[in-house]
Amino acid sequence: MHDTPKSDAGAPKSHVGAAASDAGAAEKRSGVRRAFVASLTGTALEWYDFAVYSAAAALVFGDLFFPSEDPLTGTLLAFSTYAVGYLSRPLGGFVFGRLGDVIGRKKVLIATLVLIGVATFLIGLLPAYGTIGVAAPIALVVLRFAQGVGVGGEWGGAVLLSSEFGDPRRRGFYASAAQVGPPAGNLLANGVLAALGALLTEAQFESWGWRVAFLLSGVLVAFGLWIRAKLEETPVFKAMEAEKSRPEAPIREVFTTQPRALTAAILCRVGPDVLYAMFTVFVLTYATQELDMSRGSALTAVLIGSSVQVFLMPLAGALSDRVNRRLLYGVSAIAAAVWPFVFFPMAAGGSWPLLATGVVVALVIHCCLYGPQAAFIAEQFSPRLRYTGSSLAYTLAGIIGGAIAPLLFTTLLSAYDSWVPLAVYIALAAAVSVVGVLLGRDPDAAVEEDAQLAAPKPGTPADAPLPH
């Protein structure tokens, strides 16, 4: 008796189907990894641009672009241009946030990266006040404005880029890719400035050395564009395209249909923004002008804290997937309110180890706020309004949080010559974030929304690709 040949419809086909399923799962995992890397690297590069300006404003811009007999006055004016970068963010949030919900996440993220990169590169070429007079600070403000517009449109899309590729039940971890960007960019910016400060004399650094850090942006942006150009659109946006559910007027819809979500998302950001401004920006001024420490010592303390954040940020995001995200955020906001009252007396003696320890602890607390923050804000909004809502919340909060923080720190220190008003200000900002957390909705509701959107529709094979 001869063996009967197996039909193509038999077992071999099931093996083929299993292999195809495994290949599809592997491709999905690969897409998630690429999105995570693209979100992290792109945001880190944009925040490098933003952070190198922040550090330069604290260290050299006062003398170069706003000359004054009083160093504190020059610093105050330099921090005014720092604030412009925050004040212009809502424009980026309005323009790019709307586009992100209408034309897609990927296209908008490429545009924001180009905008901020070009602005930063041009700052590196900008003549100082001594060369072109008042035109120098005016041009600086314009370029800083452009930086802020780019960052305002970047954050919401970077969060969605990684989180919409990943499992919504692990949104805290995947969304944290965008949150690693600020400490990574801050680390890179301060590292470059610290290296230049160590290699150059004070006169060389103030004359041309600081420009090198800005001109490096051209190379870094080209790298970021290469990564983002290779990505596909997110599965959530593809599903909205397939269902023809993209919004026509997302800004109006957010304000009219989701006011509580927008309020909660805005308020929760205020405390972390003020805390971060203190311990990565103003601490440079405080350490050099009040504690008589060297510029290099202050930069090194921030550098160490930022290094810790790069590793802790995704861990904090992942932790928020395992415990109640709102509870973790609320407890961390209370810690942020308390810590300044410990830090300032501890650092008052001018001890660098104590200063560095205080900065690291503050930035660890910031991790527990900022790591889960992206997921918390994104899940306040429905998927079809998520880019717009997240961008508006992020940028509007920046005006009342990070934008004015260095200015207020400088003004309070000048007026009272005491650290107490600074600590009280941080505590009040943290209390605002607690209110935002109490107003926010539970993550489970957002997870269910995303699961329903991604679920195969009746009559559609489960593994069928979504249309482009």
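Numbering of residues starts from 1 in every chain and runs along the sequence as written. Since the coordinates come from a predicted model, pLDDT governs what is reported: local features require at least 70, and pairs of side-chain atoms require 80 or more to be given and counted, while whole-chain, interface and lining totals use all residues. Side-chain metrics in this entry use all non-hydrogen atoms of the structure; hydrogen atoms and water are not considered.

## Regarding the overall build of the protein
- Strands are runs of DSSP state E lasting at least 2 residues, helices are runs of H or I lasting at least 4, and numbering of each runs from the N terminus. Summing up its helical and strand segments, the protein has 21 helices and zero strands in all.
- For the protein, the proportion of its 468 residues judged to be buried stands at 55%.
- Throughout, a contact is declared for two residues whenever any of their heavy atoms are within 4.5 Å. The long-range fraction of contacts in the protein, counting pairs at least 24 apart against all pairs at least 6 apart in sequence, stands at 86%.
- Note on areas: these come from Shrake-Rupley sampling with a 1.4 Å probe, and a residue is covered only by the protein chains present in the view. With the model as given, the accessible surface of the protein reaches about 18700 Å², and the carbon-plus-sulfur share is 67%. Classification of residues uses two cut-offs on accessible area relative to the type maximum, computed with a 1.4 Å probe and protein chains only: under 20% is buried, over 50% is exposed, and between them is partly exposed.

## Thoughts on the confidence of the model for the protein
- Of the residues in the protein, 84% have a pLDDT of 70 or more, and the chain-wide mean is 80.
- The lowest-confidence element of the protein is helix H21 (residues 443-454), averaging 63 in pLDDT; the highest-confidence one is helix H20 (residues 420-439), averaging 95.
- Confidence of the prediction at every residue is given by pLDDT, a number between 0 and 100. Below a pLDDT of 50 lies the segment residues 4-11, which in the model reaches two contacts outside its immediate sequence neighbourhood of four places, other chains included.
- Residue range residues 460-468 is modelled with pLDDT below 50. Its contacts to residues more than four positions away, or to other chains, number 11 contacts.

## Focus on the state of the cysteines
- A pair of cysteine sulfur atoms is labelled a disulfide when the two atoms are within 2.5 Å. Taken as a whole and judged by the stated rule, the model has zero disulfides.
- For the unlinked cysteine Cys367, the closest cysteine sulfur is that of Cys368, found at 6.7 Å.
- On the accessibility criterion, Cys368 (24% relative accessible area) is partly exposed.

## A word on the packing of aromatic side chains
- Two rings belonging to Phe, Tyr or Trp (six-membered ring only in the last case) form a pair when the distance between their centres is within 6.5 Å. Interplanar angles under 30 degrees mark stacking, angles over 60 mark edge-to-face geometry, and anything in between is tilted. Enumeration according to the criterion identifies 13 aromatic pairs in this entry.
- When the ring of Phe94 is compared with that of Phe255, the centres are 6.5 Å apart and the planes differ by 20 degrees; the resulting orientation is stacked. Here Phe255 lies in helix H12 (residues 250-257) and Phe94 lies in helix H4 (residues 89-102), a separation of 161 residues in the sequence.
- Note on Phe94: relative accessible area 31%, which makes it partly exposed.

## As for unusual backbone geometry
- Even without glycine at this site, Asp292 takes up a positive phi of about 55 degrees.
- The backbone of Asp417 shows a phi angle near 50 degrees, a positive value even though the residue is not glycine.
- For Asp417, the location among the structural elements is in the loop between helix H19 (405-416) and H20.

## Quick word on the packing of H4 against helix H18 (residues 386-403)
- It is the contact of H4 with H18, at a shortest axis distance of 7 Å, that shows an interaxial angle of 175 degrees. Classified by the angle between their axes, H4 and H18 sit roughly antiparallel to one another. Residue-level inspection shows Arg89, Pro90, Gly93, Phe94, Phe96, Gly97, Arg98, Gly100 and Asp101 of H4 in contact with H18, the latter providing Arg386, Tyr387, Thr388, Ser391, Leu392, Tyr394, Thr395, Leu396 and Ile399. Under this scheme, a helix contributes an axis fitted over its contacting stretch, all axes are lines through C-alpha atoms, and angles between N-to-C directions fall in the 0 to 180 degree range. Here the word oblique covers every angle except those under 35 degrees (roughly parallel), over 145 (roughly antiparallel) and from 65 to 115 (roughly perpendicular).

## Focus: the side chain of Gln179
- Structurally, the position occupied by Gln179 is in helix H8 (residues 171-199).
- Those residues in contact with Gln179 that sit more than four places away from it in its chain are Trp155, Met313, Tyr370, Gly371, Gln373 and Ala374.

## Considerations on helix H15 (residues 325-338)
- In this model H15 runs 20 Å from its N-terminal to its C-terminal C-alpha over 14 residues, within 8% of the 20 Å that 1.5 Å per residue would give.
- Along H15, the residues that are buried comprise Arg325, Leu328, Tyr329, Gly330, Ser332, Ala333, Ala336 and Ala337.
- Between N or O atoms, a polar contact is any pair within 3.5 Å; within protein, one atom must be a potential hydrogen donor and the other a potential acceptor, and residues adjacent in sequence are included only when both atoms are from side chains. Between the side-chain oxygen of the N-cap and the backbone nitrogen of Arg326 there are 3.0 Å, and the N-cap of H15 in question is Asn324. Helix span is expected to be 1.5 Å times the residue number reduced by one.

## Focus: the packing of helix H13 (residues 259-289) against helix H14 (residues 295-322)
- Two elements in contact, H13 and H14, have axes whose closest approach is 8 Å; the angle formed by their N-to-C orientations is 165 degrees. By the angle between their axes, H13 is roughly antiparallel relative to H14. Taken as a pair, H13 and H14 cross one another with a handedness that is right-handed. Residues Tyr276, Phe279, Thr280, Val283, Leu284, Ala287 and Thr288 of H13 touch H14, and the partners they reach there are Arg295, Ala298, Leu299, Val302 and Gln309.
- Gly falls in the polar group here, along with every residue not listed as nonpolar (Ala, Val, Leu, Ile, Met, Phe, Trp, Tyr, Cys, Pro) or charged (Asp, Glu, Lys, Arg). When the residues that make up the contact of H13 with H14 are grouped by side-chain class, the tally is eight nonpolar, three polar and one charged. In this scheme the handedness of a crossing depends on how the near helix is turned from the far one: anticlockwise by less than a right angle means left-handed, clockwise means right-handed.

## Overview of a nonpolar patch on the surface
- Patch members must show over 30% relative accessible area and no salt bridge, and they are joined within 9 Å when carrying like charges or within 5 Å when they are nonpolar side chains of Val, Leu, Ile, Met, Phe, Trp or Tyr. We count a salt bridge whenever a side-chain nitrogen from Lys or Arg sits within 4 Å of a carboxyl oxygen from Asp or Glu. Residues Leu91, Phe94, Val95, Phe145 and Phe255 make up a contiguous nonpolar surface patch of about 410 Å² in total accessible area.
- The dominant element in the nonpolar patch, judged by the number of residues it contributes, is H4, at three residues.

## Here's the deal with the pattern of salt bridges
- Counted by the stated rule, this structure contains five salt bridges.
- A salt bridge links Arg269 to Asp273; the shortest N-O distance between them is 2.8 Å. Taken together, the residues span about one helical turn, with Arg269 and Asp273 both in helix H13 at a distance of four residues. Side by side, Arg269 and Asp273 carry an identical accessibility label, which is buried.

## Section: the nonpolar core
- Among buried residues, the Ala, Val, Leu, Ile, Met, Phe, Trp, Tyr and Cys ones that are joined through side-chain atoms within 4.5 Å form a nonpolar core. The biggest cluster of nonpolar side chains holds 125 residues, and the ones touching the most others in it are Phe61, Phe65, Trp210, Phe279, Phe343, Leu355 and Phe409.
- Examining the composition of this core, we find that 17 residues originate from one element, H13, more than from any other.
- Excluding residues that lie within four positions of it along the chain, Trp210 makes contacts with Val60, Phe61, Leu64, Phe65, Ile123 and Phe205.

## Concerning the environment of Leu115
- Relative to the helices and strands, Leu115 resides in helix H5 (residues 105-125).
- Since its relative accessible area comes to 29%, Leu115 is described here as partly exposed.
- In the structure, Leu115 is positioned 34 residues away from Val149 in sequence and 8.2 Å away in space, judged by C-alpha atoms.
- Beyond its immediate chain neighbours, meaning those up to four positions away, Leu115 contacts Phe96, Ala146, Val149 and Gly150.

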